[in-house]
Amino acid sequence: MSEVPFELGTDGPRVIVTGVDGSETSLRAAAYAWGLARRSDARLVLVHVSPLAALSALTPGGAAVMREAGEQVAAELREELSRAAERAAVRYELVTEQGDPYQVLARVADEVKADAVVVGASAQAGHRLIGSVAVRLVRAGRWPVTVVP
């Protein structure tokens, strides 16, 4: 039996996409993805999607309030990321968009040729019936998906 040399650090993901919406589970997912990116020297693409709520667009100023709330979360994420980058060198970028979280995450993962997608588990009861973003990503079957509780 011929012996194959061991290759240290060459089998992990090179590009990791993670969804962050400010929820506790998404922040745990981002922390997990950050550690994975650090250990495997991968590029980390964090995606923050502000959902377009149909009802907010019907009320005067509703869309503006939703947009401001999304911008506030994105600003807080930028601050946290810069602090984290001071402690551990990780190549990362933050993508912020409005739209359907599944569609944006899937598009970004395809565009950056993600090797892995990391998301937080949904805590919303309704997602047990209609499916969460995580379930939709798994069903798409285009990338390995890690769901962090």
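To start, this report covers the structure provided alongside it. (Residues numbered from 1 in each chain as written. Predicted model: local features only at pLDDT ≥ 70, side-chain atom pairs only at ≥ 80, totals over all residues. Heavy atoms only, no water.)

## Re the nonpolar core
In this structure, Val17, Val45 and Val47 are the most contacted members of the largest nonpolar core, which totals 19 residues. For this core, the elements supplying multiple residues, two or more each, are strand 1 (15–19), strand 2 (43–50), helix 4 (101–111), strand 4 (116–120) and helix 6 (133–140). Ala42, Leu77, Ala88 and Ala116 belong to the second-largest nonpolar core, a separate cluster that totals 17 residues. (Core = buried A, V, L, I, M, F, W, Y, C linked by side-chain atoms within 4.5 Å. Buried < 20%, exposed > 50% of the residue type's maximum accessible area, 1.4 Å probe, protein only. Helix = DSSP H or I, 4+ residues; strand = E, 2+ residues; numbered from the N terminus.)

## Let's talk about the packing of helix 4 against helix 6
One way to put it is that helix 4 packs onto helix 6 with a least axis distance of 9 Å and a crossing angle of 40°. When the axis of helix 4 is compared with that of helix 6, the two are oblique. Relative to helix 6, helix 4 is oriented so that their crossing is right-handed. Facing Pro101, Tyr102, Leu105 and Ala106 of helix 4, the residues of helix 6 in contact are Val133, Arg136, Leu137 and Ala140. The residue makeup of the contact of helix 4 with helix 6, split by class, is seven nonpolar, no polar and one charged. (Axes fitted to C-alpha atoms, helices over the stretch in contact; angles between N-to-C directions. Parallel < 35°, antiparallel > 145°, perpendicular 65-115°, else oblique. Left-handed = near helix turned anticlockwise from the far one by under 90°. Contact = heavy atoms within 4.5 Å. Nonpolar A, V, L, I, M, F, W, Y, C, P; charged D, E, K, R; others polar.)

## Thoughts on the sheet that holds strand 1
In space, the five strands of this open sheet follow the order 3-2-1-4-5, with parallel pairing throughout. With partners counted over all chains shown, the strands left at the sheet margins are strand 3 (91–98) and strand 5 (145–148), one partner each. When strand polarity is set aside, the average angle formed by the axes of neighbouring strands in this sheet is 20°. Helix-sheet contacts for helix 4 involve strand 1, strand 2, strand 3 and strand 4, and the interaxial angle to strand 2 is about 155°. (Pairing = 2+ DSSP bridges.)

All we've got here are geometric facts, nothing functional implied.
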